Amino acid sequence: MTEVPLAGCAGCIGSGRPGYVVDWCEDGAEMKPRWKRCPKLCTPASREETIERLTRQRDEQRARQQEQSPTGQAAPAADTPRPAPSATPAHPASTRPVPAYRGRPERATAPAARSASARRSTSATPPAAVRRWPAVALDYADDGWNLDIREVPAPAGRKLTDWVSWLGTGLPLRVDRLHEAGRSGDGMVCLTESAVKALGLPAALPTTDKALAALKKKLDTAAAGVGMEVSEEIGPVFHVFRRSGSAGGPKASVRVIVTPWLGQGSEKQKTTTGMTATLAALPDGRPDAVTLARRIRAFVSDVGIAPGVTPATSSMALLEAVRPRFEPYEDEEGHWKRRLRDGALPSGDTSVAQAAGARHPLTRELLNRREAVCEEEDFKWWARPLTEAEAALKWAVAVDVCASYLSVTQTLPLPVGPLQHVTEPAWTPKTAGLWWCDFTTLETDPLLPHPATFHGMPPTGPGWYATPTVSYMTSEYGFDAASITDALLPALQDDEGRPQGTAPILKEWTIRIREAYKRVYGVLGLADGQDPEEFLAAYATHTDIDPDDTDRVDALVLATLYKQLYKGGIGKWTDSARKAHPDENDWLEKVVAHWSYRPELRFQIISAARIAGHRRMRKTYQKTGRAPFAVNVDSYLYAAEEPSPLELLTPPEKGKPVAGVLRLGIAPGSSKHESSIPMPAILEIMETGQHPSRLVHFYATDGTALPDAEENGDTQP
């Protein structure tokens, strides 16, 4: 790193004005900066002497850090023992047709709780008088620097060193933590095209190693002048930071987003900034810094965290933000450390062979021995022959369940600890696990898919089923839970005595995403409580938006991301990551050993969502005699006289809506009108042996054929 003379002493280095520091003060509801005399009351001579001393101390500190070898906390996946396949008796496969953080003293050898005077503040939010923003857009015009948040001060000058110095002055940019045991996140500065030009940065991200190295050197030189550093890799997004104890000022870290560079760089950089690029895109596809900053602020306000690399990783970041795995504690020597909290999901490969995921070697070993694995999935490509009465109707109406996963995850019990084999288990619907059940002798509704299988056909033998499936089969179809001989249930404690068992670990996660989901759809004119006709009319036009209507354009972009957020998060529990980790050993070490790889949690969620859908269609069938003739995931096809789902609805009873039936609306678990298909087209495709859901994207809701159907149509696997 290039070293240049520092301006200031220990009290005013990095302020951009030797002998003075930036002081923040309240002006009404605003926070404004002002110059304040250096607290060290330095002189030019004392500043020079102090700079030499601090530079020498910094060099000595770096030398000591290089001599120390880093220690990692996570053990390699290869050192983590996995349950042997033989630990559970062989089960042949059938033939297919959270509470608030309160803190706690260190266990066993820990000293008594520290005195009140020694406790540090555990407030999860900053004082009300100090307002901080997660992101701001920086632009440059003829009159100088402009920011889209006027309370944030502008850089003092146009030079690159002025800008870097500004980043280290303690700007009111931060993503506040959501939990007392959590961590806050870096604020973001989004540069416009004119700002990039004013700073002397290239208009496009360099593509050659030589040009990238020159750019890196330029940024490093500017940063070193004010005691700052720049992240090793320069791309569309990089960090500018000052380490704790470094000369130049207090610890600082800001994420810089060079908006014109989004979509450029290496394939890795394009992937890691894909979600940011989506947020930055105008209706015509061009990236815009002001739009990006505005949408980031909306995203953080709605969800509580900054957008991550992908919706799936953002989903896991949200879960860790609202339910931190670690908590701070003070040891007997007065040092602050971190440890796992009670109820934290453990790291390491905790998979059991029956629920290890399709790519896991334990699953392959079990399948090679023709033993059963858990197959809890959404309904996929189920269909039955139409009755004569259904075939005589004119239309097939497709309805799609809105946010089906969010309708079940808030109170759903999930296994915290790793699953362990239990013989002759005591059945309870409050314990999340997998149960060895035989549903082959049970009679179910002939016009509905079988509730316990993803293919909708009756099972041909016993299998491993998640708790929601077993509970439904017990309460609705008379399954005898006493016949269960084996189960895979979560351990009640870990090796250190921390409680695990079962808990609704997605409660806060669900609340955050549901509220975000409801807000953006409210902006688009869709809200809970709308009558069916009003909802259908609003939904039919909710994507018809004037490009100049920024509120609705932003809401539509965010609605898509929030949908990807919860769907990607559910899928992340069983992340095969074949593209990112083609090598199996690398995948086992970096993905499977991570706390977020828990296929058994996904099985519980998918089971609960599928059962909730079956419960609705069964009650609708009991009340109206209407049953879907085809189901694919959340899409249900009903025969109807008109190209509208209104005739499928259950009439009110005693002046009140009937609970638990098919309902139209935007709320999670309600349904929206997806398509209306002429019945002759349905009969024709079914005669060829193809699934009728293939036609859903070929027709509009009024039954007219779509001109680009060939491009948008779904495909049957």
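Here the structure is a predicted model, which is why all the values come from computation and not from measurement. Residue positions are counted from 1 within each chain, in the order its sequence is given. Reporting of local features is limited, given that this is a predicted model, to residues whose pLDDT is at least 70; pairs of side-chain atoms are given and counted only at 80 or more, and all residues count toward the totals for whole chains, interfaces and linings. For side-chain calculations, the full set of non-hydrogen atoms in the structure is used, while hydrogens and water are omitted.

1. Quick notes on the overall build of the chain
When its secondary structure is counted, the chain shows 18 helices and 22 strands. Residues counted as buried form 49% of the 717 residues belonging to the chain. Carbon and sulfur atoms provide 51% of the accessible area of the chain, an area that totals close to 34100 Å². Numbered from the N terminus, helices here are DSSP runs of H or I no shorter than four residues, and strands are runs of E no shorter than two. For each residue, the accessible area found with a 1.4 Å probe, counting protein chains only, is set against the maximum for its type, and the residue is called buried under 20%, exposed over 50%, and partly exposed in between. Per-residue accessibility takes into account occlusion by the displayed protein chains alone, with areas from the Shrake-Rupley method and a 1.4 Å probe.

2. Re unusual backbone geometry
With a phi close to 60 degrees, Arg-370 is a non-glycine residue in the positive phi region. Structurally, Arg-370 is set in the loop between helix H9 (361-368) and strand S12 (382-383). Among the residues examined, Arg-370 registers a relative accessible area of 68% and is labelled exposed. At Ala-577, a residue that is not glycine, the phi angle is positive and equals roughly 45 degrees. Mapping Ala-577 onto the fold places it in the loop between helix H14 (550-572) and helix H15 (584-592). Ala-577 gets classed as buried once you look at its relative accessible area, which sits at 12%.

3. Re the layout of surface pockets
In this structure, the second largest pocket encloses a volume near 1200 Å³. Around the second largest pocket sit 42 residues that line it, and Asp-400, Tyr-539, Lys-563, Lys-672 and Glu-674 are the ones nearest its centre. Listing elements by their share of the lining of the second largest pocket, those giving two or more residues are strand S13 (395-401), helix H12 (507-523), helix H13 (532-541), H14 and strand S22 (671-678). No other element matches H14, which puts six residues into the lining of the second largest pocket. Of the grid points, spaced at 1 Å and generated over the protein atoms alone, those admitting a 1.4 Å probe that cannot get out make up cavities, while open sets with protein on both sides within 12 Å along at least five of seven lines make up pockets; any residue with an atom within 4 Å of a point is treated as lining. Grid points are joined across faces, edges and corners, and a volume is the space filled by probe spheres set on the points.

4. Looking at the pattern of salt bridges
Here, a salt bridge means any Lys or Arg side-chain nitrogen found within 4 Å of an Asp or Glu carboxyl oxygen. A complete count under the given rule lists 30 salt bridges for this structure. Lys-216 is the partner of Asp-220 in a salt bridge, and the nearest nitrogen-oxygen pair spans 2.9 Å. A residue pair is termed a helical-turn pair when its members lie 3 or 4 positions apart in one helix, as Asp-220 and Lys-216 do in helix H4 (residues 209-224) at four residues. The exposure class assigned to Lys-216 is buried, which follows from its relative accessible area of 15%. The partner of Asp-400 in a salt bridge is Lys-672, and the shortest N-O contact between them spans 2.6 Å. A residue pair is termed long-range when its members are at least 10 positions apart, and Asp-400 in strand S13 and Lys-672 in strand S22 qualify at 272 residues. Among the residues examined, Asp-400 registers a relative accessible area of 13% and is labelled buried. Salt bridges here are not isolated pairs; linked through shared partners, they connect Asp-445, Glu-476, Arg-615 and Arg-618.

5. Section: the environment of Glu-327
Along the polypeptide, Glu-327 turns up in strand S10 (residues 326-330). With relative accessibility at 3%, the residue Glu-327 sits in the buried group. In sequence terms Glu-327 and Arg-341 are 14 residues apart; their C-alpha atoms lie 5.8 Å from each other.

6. What about the packing of helix H8 (residues 311-322) against H12?
As a packed pair, H8 and H12 sit with axes 9 Å apart at the nearest point and diverge in direction by 120 degrees. Looking at the two axes, H8 sits oblique to H12. For H8 against H12, the interelement crossing comes out right-handed. Along its contact with H8, which presents Ser-315, Leu-318, Leu-319 and Val-322, the element H12 presents Glu-508, Trp-509, Arg-512 and Ile-513. Here the contact of H8 with H12 is composed, by residue class, of five nonpolar, one polar and two charged. Lines fitted to C-alpha atoms define the axes, with helix axes restricted to the stretch in contact, and inter-axis angles between N-to-C directions lie between 0 and 180 degrees. Here is the rule for angles: anything less than 35 degrees is roughly parallel, anything more than 145 is roughly antiparallel, 65 through 115 is roughly perpendicular, and the remaining ranges are oblique. Definitions for this section: a left-handed crossing has its near helix turned counterclockwise from the far helix by less than a right angle. A right-handed crossing has that turn clockwise. Two residues qualify as a contact provided that any one of their heavy atoms is within 4.5 Å of a heavy atom in the partner residue. We call Asp, Glu, Lys and Arg charged. Ala, Val, Leu, Ile, Met, Phe, Trp, Tyr, Cys and Pro are nonpolar, and the rest, Gly among them, are polar.

7. Re empty space enclosed by the protein
In this model, the largest cavity occupies a volume close to 90 Å³. Around the largest cavity, the lining residues are Val-399, Val-401, Gly-613, Arg-616, Met-617, Thr-620, Tyr-636, Tyr-638, Leu-662 and Ser-671. Elements that contribute at least two residues to the lining of the largest cavity include exactly S13, helix H16 (599-624) and strand S21 (635-640). Take the lining of the largest cavity: its biggest share by element is four residues, from H16. Residue composition of the lining of the largest cavity, grouped by class: six nonpolar, three polar and one charged. Put simply, the second largest cavity is a space of about 70 Å³. Looking at side-chain class alone, the lining of the second largest cavity contains five nonpolar, one polar and three charged residues.

8. Quick notes on the environment of Leu-489
Tracing the backbone shows Leu-489 in strand S18 (residues 486-490). Residues Leu-489 and Gly-433, 56 residues apart in the sequence, show an inter-C-alpha distance of 4.7 Å. Beyond its immediate sequence surroundings of up to four residues, Leu-489 is in contact with Pro-418, Leu-419, Gln-420, Val-422, Pro-425, Thr-431, Gly-433 and Trp-435.

9. Looking at the nonpolar core
Ile-296, Trp-509 and Trp-573 are the most contacted members of the largest nonpolar core, which has 67 residues in total. Of the residues forming this core, the biggest block, nine residues, is contributed by H14. Core analysis: the second largest hydrophobic core is formed by 36 residues, Trp-145, Leu-167, Leu-201 and Trp-261 among them. Throughout this description, the term nonpolar core refers to a set of buried Ala, Val, Leu, Ile, Met, Phe, Trp, Tyr and Cys residues connected via side-chain atoms within 4.5 Å.

10. Re the packing of helix H11 (residues 467-477) against H16
Relative to each other, H11 and H16 sit at 30 degrees, their axes nearing to 7 Å. What the angle tells us is that H11 and H16 run roughly parallel. Taken together, the residues of H16 that come into contact with H11 (itself represented by Thr-467, Pro-468, Thr-469, Tyr-472, Glu-476 and Tyr-477) are Gln-604, Ser-607, Ala-608, Arg-610, Ile-611, His-614, Arg-615 and Arg-618. Class assignment for the residues of the contact of H11 with H16 results in five nonpolar, five polar and four charged.

11. Describing the sheet that holds S13
Note: two strands are recorded as paired if DSSP finds a minimum of 2 bridges between them. Strand order in the open sheet made by the five strands is S12-S20-S21-S13-S22, with antiparallel pairing throughout. Looking along the sheet, the strands with just one partner apiece sit at the ends: S12 and S22. Two elements, S13 and S22, share seven bridges in a ladder whose sense is antiparallel. Bridge assignment links Trp-395 to a residue of S22, and that residue is Pro-678.

12. Some remarks on the pairing of S21
Where burial is concerned, most of S21 is hidden: six out of the six residues are buried. The side-chain alternation of S21 yields two buried faces, one formed by Ser-635, Leu-637 and Ala-639 and the other by Tyr-636, Tyr-638 and Ala-640. Where S13 meets S21, six bridges bridge the pair, whose relative direction is antiparallel. Counted as the bridge partner of Trp-395 is Ala-640 from S21. Pairing of strand S20 (residues 630-632) with S21 involves three bridges; the strand directions are antiparallel. Opposite Ala-630, over in S21, you have Leu-637 as the bridge partner. The turn linking S20 back onto S21 is made up of two residues, and Val-633 within it adopts a positive phi angle of 60 degrees.

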